[in-house]
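Below, each chain spelled out in residue letters.
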Amino acid sequence: MRFQVNRDIFSEAVSFAVKLLPQRTTLPILSGVLIETADGGLRLSSFDYEVSAQTTIEAEVEEEGVVLVSGRLLAEIASRLPNAPVRFTTDEGKIAVACGSAHFTLLSMPVEEYPSLPHVTGRSGSVGGEEFATAVSQVAVAASRDDVTPVITGVQLEIGDDALSLIATDRYRVAIRSIPWQNESDSADPVSALVPARTLSEIGKTFGHSGTISVAISTGEDRELIAFSAETRTVTSLLIKGNFPPVRRLFPDTVDNYAVMNTGELIEATRRVSLVLEREAALRFTFTPDGLTLEAIGSEQAQAQETVDAFLTGPETVVSLKPQFLLDGLSAVHSEFVRISFTKTDNPNKPGPVLITSQSSKDQPGTDDYRYLLQPNLLLR
Amino acid sequence: MHSGPGAEPRSVKPPSVPRTEWVTPGRESALAWEIVRLVIARCSVDYAGRLSAHLPLATRLILLKADGSVLVHSDSLSYKPLNWMSPPCTLSRMEPDPEQAEAGVTEIWRVSHAKTADMLVVSIHEILHDSSHELGVDPGLRKDGVEADLQRLLAEQIELLGEGYQLVRREHMTAIGPVDILARDPNGASVAVEIKRRGEIDGVEQLTRYLELMNRDPLLAPVSGVFAAQEIRPQARTLAEDRGIRCVVLDYDAMRGLDDSSRLF
């Protein structure tokens, strides 16, 4: 196998292929990246039985072949190569990489033992790349990072006629958003897929600059899979098994008690006031017609207080919120103003959740349907 | 050593009462004791045998256990004794020779191991405290409270492993010890569950040994494994999953029914 390839294109392709590989694998062969000559160019693949990544790039192929080489090592080498064409030559289990005056010799791994990558067929369609990336970043923040309940470590994708909804929760908050979906298969039945949040976030970042992303889901079979592809790149992931909790019903139908604030001001004030808080402690938010007062009763040594402008509709309200959970929601609305709505509850031991939505001006709701529902803490005094 | 019926555990007896027979001066003989004796003394200690060690003169706690072992503790350096002799061993008391007496030694205890030539020599300068206690029969080491509770709760809520799981029994006995829970999956196949508070590599190894043994039993095989813990270390998880053992993280508070009011659901 012999080929020559542009340094930047090669480095980018290798880094894409290895990005989703696990940090430690018990099967060393899966830490490799497979490089094949194909259609006058190169095809790079990685696969660890859960996630696969594949891309094709242009190259001057002098001799056809296939080789398997340690992915992370190759990615590190590729990213540090000088600015010159990269030459690959294989010789009996050894791979010679030459670039300018730099030379590397790498060991190859047995290609025969490498598993073949999954091919996903099923319900398919497409979404806008940038829109998808934004929606993933807004929603995935609410996914659980705790392994206690594996189903909520994923982002639930629900595909309807013309919309793709993304939902995530860690039981303390729920984030949900839908984006337009272009159906491309014969069936229009609703289908859902639970994708690991970490993988989906990486996919969002990788494909965010693509015009459109094609999505295919195969469910109901032995292995349930989802595939995302854009331009010459494809990522597949196993779906998480299990039923996602029915969190949509937690959202209130109507709210008549809410406040609108400037998003940036509220983020700044929350960060400032929470400086004196102990870890895991909550901030007290008092909404009155005169504005919103944030109070932190930190330790015995320090307290803090700040008031920001707020436009309140309905009665005065006091809630106690964990600053980080609030900041996650405020940072995800992507609008100049933000609306915090208060829901009623009959349970005296559990305050009603607050709903965070975007607002383009004081009295104009935002353009997207992003909703972030957060459970306040009990008021302690 | 077993205390008979009516024996009072933890009763304190004056130092003169122990059934320890001290040798008459000038002679040495083996001693046996059936109670725990605590001595605080200014002493120096020498160990001779497979390794040599010397502890200079200082005040120390000398523990003479009913099983025959002798342990020398200081008030620091964590839980380990500074020096010790494990059973079987014999303790003999000797009078100091004139040179030692000159240096302030009042008596010498020599602890000899019965099977090796190892010897622990305690040179006593002054005894500050000496008491003996009969501890009675020990109930044995009990499983940590949380771990036992987790086992009980998981047995009651076996569906946490998945829909359709059924409990067979807790503490299923194997030749090398009890498996925490034996259950059946929805297809009726056996599942062995090992429960830990913190899931570490040694817990995975333990479950692996059980699984290997249980899979030899034609009535149980095939047996799959579940490693359940409140928290599972990444290395332990990797090892378990590589061996086909499923990892389940347990939420102790939720299992106990403690409601977290800061949760939505």
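What you see is a predicted model; the values in this text were computed from it and never measured.

**Structural notes on the sheet that holds strand β12 (residues 223–232) of chain B**
Residue and element names in this part refer to chain B. With mixed pairing, five strands are arranged side by side in an open sheet as β9-β10-β11-β12-β13. Looking at which strands have only one partner, the edges of the open sheet turn out to be β9 (166–174) and β13 (246–249). On average, each strand axis in the sheet is tilted by 35° relative to the strand beside it, whichever way the strands run. Here strand β11 (residues 190–199) runs beside β12; their pairing, made up of nine bridges, is parallel. From the neighbouring strand, Val 191 faces β12, where its bridge partner is Ser 224. Contacts from helix α2 (residues 145–156) reach β9, β10 (177–184), β11 and β12 within the one sheet, and its direction differs from that of β11 by about 145°.

**Describing the domain arrangement of chain A**
Entries for chain A in the domain assignment read domain 1 (2–113), domain 2 (123–249) and domain 3 (251–374). Look at where the C-alpha atoms of domain 1 of chain A and domain 3 of chain A centre, and you get two points 49 Å apart.

**Side note on the interface of chain A and chain B**
Listed by partner, the interface residues are 21 residues for chain A and 13 residues for chain B. Between the two partners, chain A and chain B, sit one salt bridge. The shortest N-O distance in the salt bridge between A:Asp147 and B:Arg237 comes to 3.2 Å. In this structure, the connection of chain A to chain B is made through five residue pairs in polar contact (both at pLDDT 80 or more). Listing elements by their share of the side of chain A that touches chain B, those giving two or more residues are β13 (173–180) and β28 (371–374) of chain A. A class-by-class count of the residues in the side of chain A that touches chain B yields 11 nonpolar, five polar and five charged.

**Here's the deal with the packing of helix α1 (residues 7–19) of chain A against helix α2 (residues 71–80) of chain A**
Residue and element names in this part refer to chain A. Two elements in contact, α1 and α2, have axes whose closest approach is 9 Å; the angle formed by their N-to-C orientations is 150°. The angle between the axes of α1 and α2 places the two elements in the roughly antiparallel class. For the pair α1 and α2, the sense of crossing is left-handed. Contacts between α1 and α2 involve Arg 7, Phe 10, Ser 11, Val 14 and Val 18 from the former and Gly 71, Arg 72, Leu 74, Ala 75, Ala 78, Ser 79 and Arg 80 from the latter. Residue composition of the contact of α1 with α2, by class: six nonpolar, three polar and three charged.

**Some details on unusual backbone geometry**
Following B:Pro87, the chain continues to B:Pro88 via a peptide bond in cis, the omega torsion being -5°. The linkage connecting B:Ala221 with the following residue, B:Pro222, adopts the cis geometry, with an omega of 0°. When you line up the elements, B:Pro222 lands in the loop between α3 (201–214) and β12. With a phi close to 45°, A:Glu92 is a non-glycine residue in the positive phi region. Here A:Glu92 is to be found in the loop between β7 (86–91) and β8 (94–99). Take A:Glu92: its relative accessible area is 79%, and that puts it in the exposed class. The phi dihedral of B:Glu171 is positive, around 50°, even though this residue is not glycine.

**Observations regarding the pairing of β13(A)**
Residues and elements named next belong to chain A. Within β13, six of the eight residues are buried, which leaves the element mostly enclosed by the surrounding structure. Here strand β12 (residues 163–169) folds back onto β13 in antiparallel fashion, the turn holding three residues, of which Arg 171 has a positive phi close to 80°. Relative to β28, β13 runs antiparallel, the two sharing four bridges. When the sheet's bridge partners are listed, Ala 175 is paired in β28 with Tyr 372.

**Some words on helix α6 (residues 323–332) of chain A**
Residues and elements named next belong to chain A. Burial analysis of α6 places eight of its 10 residues in the buried class, the great majority of the element. Along α6, the residues that are buried comprise Pro 323, Phe 325, Leu 326, Leu 327, Asp 328, Gly 329, Leu 330 and Ala 332. Following α6 by one or two positions, His 334 has its phi on the positive side, about 50°.

**Details of the environment of B:Ile245**
All names here are of chain B. With respect to the helices and strands, the residue Ile 245 is situated in the loop between α4 (234–242) and β13. In this structure Ile 245 comes out as buried when scored by relative accessible area, which is 2%. Considering only alpha carbons, one finds Ile 245 and Ala 101, 144 residues apart in sequence, at a separation of 66 Å.

**Considerations on the state of the cysteines**
Residues and elements named next belong to chain B. By the definition in use, this model includes zero disulfides over all chains. As a non-bridged cysteine, Cys 43 has Cys 89 as the owner of its nearest cysteine sulfur, 16 Å distant. Using a relative accessible area of 0% as the deciding quantity, one classes Cys 43 as buried.

About the thresholds
Residues numbered from 1 in each chain as written. Chains lettered and ligands numbered in written order. Predicted model: local features only at pLDDT ≥ 70, side-chain atom pairs only at ≥ 80, totals over all residues. Heavy atoms only, no water. Pairing = 2+ DSSP bridges. Helix = DSSP H or I, 4+ residues; strand = E, 2+ residues; numbered from the N terminus. Axes fitted to C-alpha atoms, helices over the stretch in contact; angles between N-to-C directions. Contact = heavy atoms within 4.5 Å. Domains from an automatic or database assignment. Salt bridge = Lys/Arg side-chain N within 4 Å of Asp/Glu carboxyl O. Polar contact = N/O pair within 3.5 Å; in protein donor to acceptor, adjacent residues only side chain to side chain. Nonpolar A, V, L, I, M, F, W, Y, C, P; charged D, E, K, R; others polar. Parallel < 35°, antiparallel > 145°, perpendicular 65-115°, else oblique. Left-handed = near helix turned anticlockwise from the far one by under 90°. Buried < 20%, exposed > 50% of the residue type's maximum accessible area, 1.4 Å probe, protein only. Disulfide = S-S within 2.5 Å.

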